[in-house]
Amino acid sequence: VQLQASGGGLVQAGGSLRLSCAASGRTFSRYAMTWYRQAPGKERESVAVISWSGGSTYYADSVKGRFTISRDNAKNTVYLQMNSLKPEDTAVYYCAASDTPEAPPHYWGQGTLVTVSS
């Protein structure tokens, strides 16, 4: 599976962005998908996870109520809708595919930069 993340950019605090992660290959629907982020000088962290069916989602406490992960298996795409953005959301965002929501990723996308100005 090859993953291509897009949708990053510069936005003011309080604004919104939607990230997309397009996957190649026919097996996309088998994988749980996770959005990670890595801010400058910080470790990479899991932001949001969605099961293969989309029936289960999990969020980091720091983004609950502001971010929404979703997927369209017919389009081989997973999304991250980010609302009420804060400067501390500034990071490179990566999508990743794993066998289960708890498993470490098998595949990684290349990352897309999100910058939130105050």
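Just so we're clear, the structure is a prediction, and the values are computed from it rather than from any experiment.

Peer 1: How would you summarise the pattern of salt bridges if you had to cite specific residues and measurements?
Peer 2: For the structure shown, the criterion picks out four salt bridges. Between R37 and D89 there is a salt bridge; the shortest N-O distance is 2.9 Å. With R37 in strand β4 (residues 32-38) and D89 in the loop between β8 (77-82) and β9 (91-98), the pair connects residues that are 52 residues apart, well separated along the chain. Pair check on accessibility: R37 and D89 agree, each one buried. With a shortest N-O distance of 2.7 Å, R66 and D89 are connected by a salt bridge. One end of the pair, R66, is in the loop between β6 (57-59) and β7 (67-72); the other, D89, is in the loop between β8 and β9, and 23 residues separate them in sequence. Three or more residues are tied together by salt bridges with common partners; here these are R37, E45, R66 and D89.

Peer 1: Talk me through the state of the cysteines; I want residue IDs and the actual numbers.
Peer 2: Applying the stated criterion across every chain yields a total of one disulfide. What pairs with C21 in a disulfide is C95, and their sulfur atoms sit 2.1 Å apart. Here C21 and C95 share a disulfide; its torsion about the S-S bond, 65 degrees, makes the bridge right-handed. Of this pair, C21 sits in strand β3 (residues 17-23) while C95 sits in strand β9, and the two are 74 residues apart along the sequence.

Peer 1: Give me the packing of aromatic side chains: which residues, what numbers.
Peer 2: Throughout the structure, instances matching the rule amount to three aromatic pairs. An angle of 85 degrees between the planes, with centres 5.7 Å apart, marks the rings of Y31 and Y107 as edge-to-face. Of this pair, Y31 sits in the loop between β3 and β4 while Y107 sits in strand β10 (residues 107-108); the two residues are 76 residues apart in sequence, bridging distant segments of the chain. For Y31, a relative accessible area of 8% puts it in the buried group. Among the residues examined, Y107 registers a relative accessible area of 31% and is labelled partly exposed. Summarising the aromatic geometry, the rings of Y36 and W108 are spaced 4.8 Å apart at their centres and angled 45 degrees between planes, so their arrangement reads as tilted.

Peer 1: Which residues make up the side chain of T112, and what values go with them?
Peer 2: Structurally, T112 can be placed in strand β11 (residues 112-117). The exposure class assigned to T112 is buried, which follows from its relative accessible area of 10%. A polar contact is formed between the side chain of T112 and the backbone nitrogen of G8, at a distance of 3.0 Å. If near-sequence neighbours (up to four positions away) are discounted, T112 is found in contact with A5, S6, G7, G8, L19, A91, V92 and Y93.

Cut-offs and rules
- Residues numbered from 1 in each chain as written.
- Predicted model: local features only at pLDDT ≥ 70, side-chain atom pairs only at ≥ 80, totals over all residues.
- Heavy atoms only, no water.
- Salt bridge = Lys/Arg side-chain N within 4 Å of Asp/Glu carboxyl O.
- Helix = DSSP H or I, 4+ residues; strand = E, 2+ residues; numbered from the N terminus.
- Buried < 20%, exposed > 50% of the residue type's maximum accessible area, 1.4 Å probe, protein only.
- Disulfide = S-S within 2.5 Å.
- Phe/Tyr/Trp six-rings, centres within 6.5 Å; stacked < 30°, edge-to-face > 60°.
- Polar contact = N/O pair within 3.5 Å; in protein donor to acceptor, adjacent residues only side chain to side chain.
- Contact = heavy atoms within 4.5 Å.

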